[in-house]
Each structure stands twice: as C-alpha cells, then as structure tokens.
Amino acid sequence: MNSTAIKNRLVEFGESKNRTENFLSAPQISWRSSLKGCNAVNLSFRERKAGGEKFAMLTAYDYPMARLLDESGVDLVLVGDSLGMVVLGYPDTTSVTMEHMVHHCRAVVRGAKSAFVVADLPIGSVDTPEVAVQNAMRLYEAGAHGVKLEGGVTRCREIAAIVEAGIPVMGHIGMLPQRVLVEGGYKIKGKTPIEAAQLCADAVAVEKAGAFAVVMELVRHEVAHEITTTITIPTIGIGSGPDCDGQVLVIHDLVGLFPWFTPKFATPHAHVAVAIRKAVQTFVRDAKAAGEAYSTKSHDQSLPLEKSPLPEISSLESRKTQSPGRGNLNSVQGQIEPEASNR
Ligand code: KIV
C-alpha cells in the first residue's frame, strides 16, 4: 500500500487530515494523544506488514545522530535505554532513569523529521498500569510518537493502559536487558520447547494488548520466524535472524562507535571510532607541533604591544574579504547549508 493510500485510510479512520499528516510526515510537531490516533498508528503498521514491507529501525540518543538516520531513510528511530551503556557509560541499562530518557528523547525528536520516534520506558517506570501511563505520557509530551516497554504476558495490563491513553506501544520480548542482573547475562531465548511456547504466548499477548509492533531480542531464529508468521503486527528483530518483519540495531554497533564491545550478531558497516582516533591524534600532534613552533619562534612575549609580531587588525579585515581560504569567515559561512546554519 503506498503512502497516499495509507493517508486516505487513516483519514477514513477518523483522524483529521492535518493530524494524519502530522504523524506520517512531521513527527516533531506534537499532537495530543488519542485512542483514534493510536489505532491509526496500529492499523498503518499492520497494513504495512500485510503489504510485505520490511522495517529499518536504529537507535539515536541525540540531535545529530537522529538527523543523520532520518536523512538516510530509517523508518523508526529508537531512543533506546541502551543509552545507559553506549552514551552514559554504565555497564547495563539498569541505571537509566525517566529523566535521562526525557532529556535524550527531546534531542532526538528535534532531529527526526520523517521517522517514527519510539522512546524506551526504562526499568521501574512501568510497575503498575497507572505509573506506566504517567511515564509514557512524559515521553509522549517530550515528542516521542510511541513508547517501548520490555515484557510479554506479564506486562499486558500496562501495555493496554498506555494504548487506552492514546499512546502507541511497541512491545519487547525475548532477552530483556532490564533483567540482565536477575538472569545473570544476555542469553538466547527459545532454545527449549517451553521457552519457545512462552515466547509465542508473549508475542500474542503483546499483540492482543494493542501494541503496534514488537521487538524480539536474541530469539532463536526458527522461533522468531514462527512468531512473525503468526502475529499480524510487525516483529522487529535484534539478533533474532533474517525472518522478522524488520531489524533494529544500536547505532554504535552499526558504525563502530563503541569499539570496546560489539555484540556477535552485529556487523559494523563503518569504523567511526577508528576515524575519530585518527582525527584526534592528528589534532594532538598538530597542536603540540604548533605550540613548539610558536614557543621557539616568538618566545619574545616581552616585546611592547606596538612591536608585537601579530598583524594589525586593519590588515586582517582586508584579508577577510580577499582570501577564499580557511579563516575567511565569509567563505566558511558559504559552505554551511542555509538550513543547518539556522540553529
Ligand atoms: O535499548 C535499546 O537500544 C533496545 C534495542 C536493543 C532494541 O531496546
């Protein structure tokens, strides 16, 4: 189904044309939560799955990364609580708070103009349906289009309550990083028939509770395949094989920005940490060399000001308009996109 057909369908579904345009094309404009809006999101994701569409989701935690992902065509941007590990330097996600999530969500929303922004509800933020709704509302008011929460059968009441409050929910089943301390590690799920049956029950429960999609983390590939063909909402896999309806990765794992650890299932397609180290080493070397050159050439700082080796301000002014090179403010400004310079 093409985007015009989806928009028409959503308008039929009861949304005003403007509101529909907003959530399809301008996520940074906030709108009030409504059950109709939430149902429309659910419907559009189901229909996209039914039409055979595959989904690309990546994490972002700040404005520039969100903008880069958005400009590169991702469908969904996840403000994941992996934030705790790859940005804040904690060993796992169990120290992430609502304050962290709201703060980073706001930055991401400013950068994502077309993608659907989902923000994670961190550990301890969904303990009861009431608390879950309050916290989901905070992320929604920060500009997220939907929220994600970990848990299947055991979190159905919270998912249903958030959906009832008009906020789209993405489920998250399989390995649940917020339970890493309880489980003693990141373990593949679905290895035994009992675990596989539990995962299927979780997926069906999340769908029935009203989620628009579900992340499956570290689920055995055959089980992920089985679930994907059973439920009607998109499954978004991470380390769960190729048969899910979409794939999600932590952006740092995709671009090699967290070189100290890369999960086995992630193949970096760039080595940004290597490029950063190289650039920084060059800068450090140049800064030190320049410092040395300066201190040997012009150690005579005691000269009176009128005999200073620095050029006169007036000659700098004339260079500003003549030279096309670096240091010429006009030429540098000319290289900045008009839109980007408008910060
Ligand atoms: O927090 C996160 O980044 C996630 C993904 C790994 C799915 O939940």
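Quick look at the structure, then. Because the structure is predicted, anything quoted here is derived from the model rather than measured.

As a further point, take the nonpolar core. Ranked by size, the top nonpolar core spans 60 residues in total, and within it Leu121, Leu139 and Ile162 carry the most contacts. Other than its neighbours up to four places away in sequence, Ile162 contacts Leu121, Ala132, Val133, Ala136, Val147, Leu149, Ile167 and Val169. Judged by nonpolar contacts, the second largest core, of 15 residues, contains Phe55, Leu76, Phe212 and Ile238.

Turning to the pairing of strand 5 (residues 169–174), a few remarks are in order. Of all six residues making up strand 5, six are buried, and the element is well covered by its neighbours. On strand 5, burial covers both faces: Val169, Gly171 and Ile173 on one face and Met170, His172 and Gly174 on the other are all buried. By the bridge criterion, four bridges tie strand 4 (residues 146–150) to strand 5 in an arrangement that is parallel. For Glu150, the partnering residue across the bridge sits in strand 5 and is His172.

Moving on: the site of the ligand. Taken together, Thr59, Leu78, Gly80, Asp81, Ser82, Asp120, Lys148, His172, Val215, Ile238 and Val250 are the residues near the ligand. In this structure, an oxygen atom belonging to the ligand sits 2.5 Å away from a side-chain N or O atom of Ser82. Between an oxygen atom of the ligand and a side-chain N or O atom of Lys148, the distance comes to 2.8 Å. Bound to the protein, the ligand loses 96% of the 260 Å² it would expose on its own. Judged by the proximity of its atoms to the pocket grid, the ligand belongs to the largest pocket.

Reading the values: rules and limits
Residues numbered from 1 in each chain as written. Predicted model: local features only at pLDDT ≥ 70, side-chain atom pairs only at ≥ 80, totals over all residues. Heavy atoms only, no water. Core = buried A, V, L, I, M, F, W, Y, C linked by side-chain atoms within 4.5 Å. Buried < 20%, exposed > 50% of the residue type's maximum accessible area, 1.4 Å probe, protein only. Contact = heavy atoms within 4.5 Å. Helix = DSSP H or I, 4+ residues; strand = E, 2+ residues; numbered from the N terminus. Pairing = 2+ DSSP bridges. Near = heavy atom within 4 Å. Polar contact = N/O pair within 3.5 Å; in protein donor to acceptor, adjacent residues only side chain to side chain. Areas by Shrake-Rupley, 256 points an atom, 1.4 Å probe, with all protein chains shown as cover. 1 Å grid on protein atoms, 1.4 Å probe; cavity = no way out; pocket = protein on both sides within 12 Å on 5 of 7 lines; lining within 4 Å. Sits in = over half its atoms within 2 Å of the grid points.

Remember, this is a structural readout, not a statement about activity or role.
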